[in-house]
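# Structural features, examined
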Amino acid sequence: MSMEGDEGNRDQSSREEWTLLFWTTLAVVVPVIITLWCSVQRSKRKIHMKDFFRKSKHGWHCTDLFNKPTYCCVCQQHILQGAVCDCCGVCADETCLRRADRSLVCKEIMAPSRTDGTLAHRWVRGNVPLCSVCAVCKEQCGNQPKLCDFRCVWCQTTVHDDCKPSLSDGERCELGEFRSLIIPPHYLHHVNKLRRRHPDEYSKLASACGSGWTPVLVLANTRSGNNMGEALLGEFRTILNPVQVFDLSELPPSKALQLCTLLPPGSVRVLVCGGDGTVGWVLDAIDTMKLKGQDQFIPRVMILPLGTGNDLSNSLGWGSGYAGEIPVEQVLRNILEAEVVKMDRWKVQVASKGLYFRKPKVLSMNNYFSVGPDALMALNFHTHREKTPSFFSSRIINKAVYFMYGTKDCLVQECKDLDKRIELELDGERVALPSLEGIIVCNIGYWGGGCRLWEGMGDELYPPTRLDDGLLEVVGVFGSFHCAQIQVKMANPVRLGQAHTVRLVLKTSRMPMQVDGEPWAQGPCTITITHKTQAFMLYHSAEQTDDDDDESSTSEAESSAPHDSPKPAGPASARA
């Protein structure tokens, strides 16, 4: 009996173990299967939505309960998961999306005007911006938890449902505060109807857009710095005509700038949202316009700094980086207030030693050329960013990686004895080099993410540099640690001189080099830097660009102003 009892206990224990194992497996496997199924469905939904967005005439992007509270323009219910149009502001729940796409017309980029030559308001109901004020009764709009009130997609006027019939100007739209920056849809309609497309005809059509009309084109690099480009594109499309806003990841600047040839000569301003590399890309496209004989359509360029270093933006008074601290409306106001200055651009010709039958490498330079430790840091950073681009999505992370490579070079000193491997000539005169690890050739006042390299500090202050004097400033550094000291204002660089033409001869070994943050490793060669052209840039002098005192900020503004007389330009002047 005891044996039979023991066997029964063992069987019961075994059944309990198998039952426990079954339920444990079920508890683990079922959530995994559900998660995988949801992931697959989510991926299918994303692909489906992306394909739908691509074919739509609206500029849809996804929204949900966790974004700004929105109401569906079709069913008027609160949106849990749906989409909003960047251009016109129409919102739709996922179930109403196709119906909204068919029945609700987006902001038209080209359309005829009314019989009196004016533009009619284009109203969208509900989801008005926070703190909006009614144009009639001056009370707050959109403060009820439902789809209510109206907003004009062109002039951004908001009005209550009940007040809309009482608008003083009826249905006439004046395009609002930024009328001088917006390309009206009727202008493009008239251009499209022209039999003879000539600059004089564009000027005649522009007279209907009001005096002082200076349309702006927005060119944004969505991959720059902290990846704010995509959000900015949507905000600019809301205020401007969507045809004025370009994503440089989809359309190169050479094609985007062809819109300038349909606008009055000399009237266009271009806002470049990106880093110094993006600005250089746009300026190269402008040079291509000159080669095509389109000089009269050349635009003026402004910068919204989204990159990591942003030294050119700093030199032009636009700050060291943009992180959304001011609204896009203020950015557009700054365009209206900016003054035009000229900036030198330079040609860097790299002729490799021994390759006499190969065409020399030719690059354009706006900021600086360097060989040595800072170029090595840029090369290491660039190499790793190409491998894992998703990791380098923050300006803070990018600067931390630069710091890490700079610290490594302080210990390794890969660029030591540069003075024995390179020869320097300024305007044809040979310069004796001290024991250096790096040489930097500057066109602008800022270097290394906000450091005023040539001016220096302490008792060795030099006059500020100019953007349009046809001179390059040439300095040397003793290594990565010296670069760090210069950046924190504990040391000055070795000033080697100023010149109209700079020539460097790398005699032996490979060295890291960079032009405007684009690095490469270069073998023995001859590098010649000569003046290429001048670009028209927009300068902002209303606020300081770094933590310097008011006096230095004032001197920087004065030194870059177009009406100031240029500094003396002798060959290799101010040579140390």
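Residues numbered from 1 in each chain as written. Predicted model: local features only at pLDDT ≥ 70, side-chain atom pairs only at ≥ 80, totals over all residues. Heavy atoms only, no water.

## Examining helix α13 (residues 480-487)
Test applied: Relative accessibility thresholds used throughout: buried, under 20% of the residue-type maximum; exposed, over 50%; partly exposed, between the two (1.4 Å probe, protein chains only). The numbering of helices and of strands both runs from the N terminus, where a helix is a DSSP run of H or I of at least 4 residues and a strand a run of E of at least 2. The directions from the helix axis to the C-beta atoms form the arc being described.
Considered for burial, the residues of α13 that qualify are S480, H482, C483 and I486. One side of α13 holds all its buried residues, which, seen down the axis, span an arc of 160°.

## Some details on a nonpolar patch on the surface
Definition in use: Grouping into patches uses exposed residues only, defined as over 30% relative accessible area, and leaves out salt-bridged ones; the cut-off is 9 Å for like charges and 5 Å for nonpolar side chains (Val, Leu, Ile, Met, Phe, Trp, Tyr). Surface accessibility in these figures is a Shrake-Rupley result with a 1.4 Å probe; residues are shielded only by whichever protein chains are displayed. Salt bridges are defined as contacts in which a side-chain nitrogen from Lys or Arg sits within 4 Å of a carboxyl oxygen from Asp or Glu.
Taken together, the side chains of F22, W23, L26, V30 and I34 present a nonpolar region at the surface, about 480 Å² in accessible area. Structurally, W23 is set in helix α1 (residues 2-55). Judged by relative accessible area, which is 51%, W23 ranks as exposed.

## Structural notes on the pattern of salt bridges
Evaluated as defined, the whole model comprises 13 salt bridges. Between R125 and D161 there is a salt bridge whose closest N-O contact spans 3.1 Å. Taken as a pair, R125 in strand β5 (residues 123-125) and D161 in the loop between β7 (158-159) and β8 (172-173) lie far apart in primary sequence, 36 residues in all. You can call D161 partly exposed: its relative accessible area is 26%. For the salt bridge of R503 with E425, the shortest nitrogen-to-oxygen distance reads 3.3 Å. Taken as a pair, R503 in strand β23 (residues 502-506) and E425 in strand β16 (residues 422-426) lie far apart in primary sequence, 78 residues in all. Relative accessible area serves as the criterion here: at 31%, R503 is assigned to the partly exposed category. One network of salt bridges, with partners in common, ties together D284, D287, K290, R345 and K532.

## Notes on the pairing of β23
Quick reminder of the rule: Here, a strand pair is defined by DSSP locating no fewer than two bridges between the strands.
Judged by how many residues are buried, β23 sits mostly within the fold: four of five residues are covered. Strand direction decides the pairing type here: β16 and β23, joined by five bridges, are antiparallel. Paired with E425 across the strands is R503, a residue of β23. Bridge count between β23 and strand β26 (residues 525-539): five bridges; the pairing is antiparallel. The residue bridging L504 from the neighbouring strand is I527, located in β26.

## What about the sheet that holds β5?
A sheet is described by the order of its strands in space; here three strands give the open sequence β5-β6-β7, paired in antiparallel fashion. What marks the edges here is a single partner per strand, and that holds for β5 and β7. Pairing between β5 and strand β6 (residues 150-152): three bridges, direction antiparallel. Paired with V124 across the two strands is R151, which belongs to β6.

## Points about the UniProt feature "transmembrane region" (unreviewed entry) in the protein chain
The criterion, for reference: UniProt positions are given in the numbering used here, feature names are shortened, and annotations may be inferred rather than shown by experiment.
If you check UniProt for "transmembrane region" (unreviewed entry), the listed places come out as residues 20-40 in our numbering. End C-alpha atoms of residues 20-40 are separated by 30 Å, and the span's content is 100% helix alongside 0% strand.

## Points about the side chain of R452
As a reminder of what qualifies: N or O atoms closer than or at 3.5 Å make up a polar contact, with two conditions inside protein: a donor-capable atom paired with an acceptor-capable one, and, for residues adjacent in sequence, both atoms drawn from side chains.
Tracing the sequence through the fold places R452 in strand β20 (residues 451-452). By relative accessible area, R452 is classed as buried at 10%. Here the side chain of R452 touches Y446 through a polar contact of 2.9 Å, side chain to side chain.

## Quick look at the sheet that holds strand β25 (residues 518-522)
Rules: Helix axes use the C-alpha atoms of the stretch in contact, all axes being lines fitted to C-alpha atoms, and the angles between their N-to-C directions lie in the range 0 to 180 degrees.
One open sheet accounts for six strands, arranged β22-β21-β18-β15-β24-β25; its pairing is antiparallel. The strands lining the two open edges of the sheet, one partner per strand, are β22 (494-499) and β25. Across this sheet, the average inter-strand angle for adjacent strands is 15°, counted without regard to direction. Note: strand β21 (residues 472-477) against β22, five bridges, orientation antiparallel. Its bridge partner being in β22, E473 is matched across the sheet by Q498.

## Examining unusual backbone geometry
A positive phi is found at Q156, a non-glycine position, where the angle reads about 65°. On the secondary structure map, Q156 appears in the loop between β6 and β7.

## So, the state of the cysteines
As a reminder of what qualifies: A pair of sulfur atoms, both from cysteines and within 2.5 Å, is called a disulfide here.
This model, assessed by the stated rule, comprises zero disulfides. No disulfide involves C137; its sulfur sits 3.7 Å from that of C134, the nearest cysteine. As a non-bridged cysteine, C442 has C451 as the owner of its nearest cysteine sulfur, 9.1 Å distant. Relative accessible area serves as the criterion here: at 5%, C442 is assigned to the buried category.

## Looking at the environment of G277
By secondary structure assignment, the location of G277 is in helix α7 (residues 276-291). Judged by its relative accessible area of 38%, G277 is partly exposed.

## Overview of the pairing of strand β18 (residues 438-442)
Within β18, five of the five residues are buried, which leaves the element mostly enclosed by the surrounding structure. What you see with β18 is no split at all: G438, I440 and C442 on one side and I439 and V441 on the other are buried throughout. In this structure, β18 lies alongside β21, joined through five bridges in antiparallel fashion. Bridge pairing in β21 places G438 opposite V477.

## A look at the packing of helix α3 (residues 185-193) against helix α4 (residues 199-206)
Convention followed: Throughout, a crossing is termed right-handed when the near helix is turned clockwise from the far one, and left-handed when it is turned anticlockwise from it by less than a right angle. Contacts are residue-level and defined by heavy atoms, with any inter-residue pair within 4.5 Å sufficient. In this count, Pro and Cys sit with the nonpolar residues alongside Ala, Val, Leu, Ile, Met, Phe, Trp and Tyr, while Asp, Glu, Lys and Arg are called charged and the others, Gly among them, polar.
For the pair α3 and α4, the least separation of the axes is 10 Å and the interaxial angle reads 150°. In this structure, α3 meets α4 at a crossing whose hand is right-handed. Of the residues in α4, those touching α3 at Y187, H190 and V191 are Y202, L205 and A206. Taken together, the residues of the contact of α3 with α4 break down into five nonpolar, one polar and no charged.

## Topic: the packing of aromatic side chains
Rules: Pairing of aromatic side chains requires ring centres within 6.5 Å, counting the rings of Phe and Tyr and the six-membered ring of Trp. Pairs whose planes differ by under 30 degrees are stacked, by over 60 edge-to-face, and all others tilted. Whether a charge sits over a ring depends on NZ of Lys or CZ of Arg being within 6 Å of the ring centre and within 35 degrees of the ring normal.
Going through the model one piece at a time under the given rule, you end up with four aromatic pairs. Measuring from centroid to centroid gives 5.3 Å for F22 and W23, while their planes differ by 75°, and the two rings are edge-to-face. Of the residues examined, F22 reaches a relative accessible area of 49% and is grouped as partly exposed. Centre to centre, the rings of W123 and F150 are 6.4 Å apart; their planes meet at 75°, and the pair counts as edge-to-face. Taken together, the residues W123 in strand β5 and F150 in strand β6 connect sequence positions 27 residues apart. The class of W123 is buried, set by a relative accessible area of 13%. In this structure, K107 packs its charged tip against the face of W154, placed 5.0 Å from the ring centre. The ring of F150 is capped by K164, whose NZ or CZ atom sits 5.1 Å from the centre of that ring.

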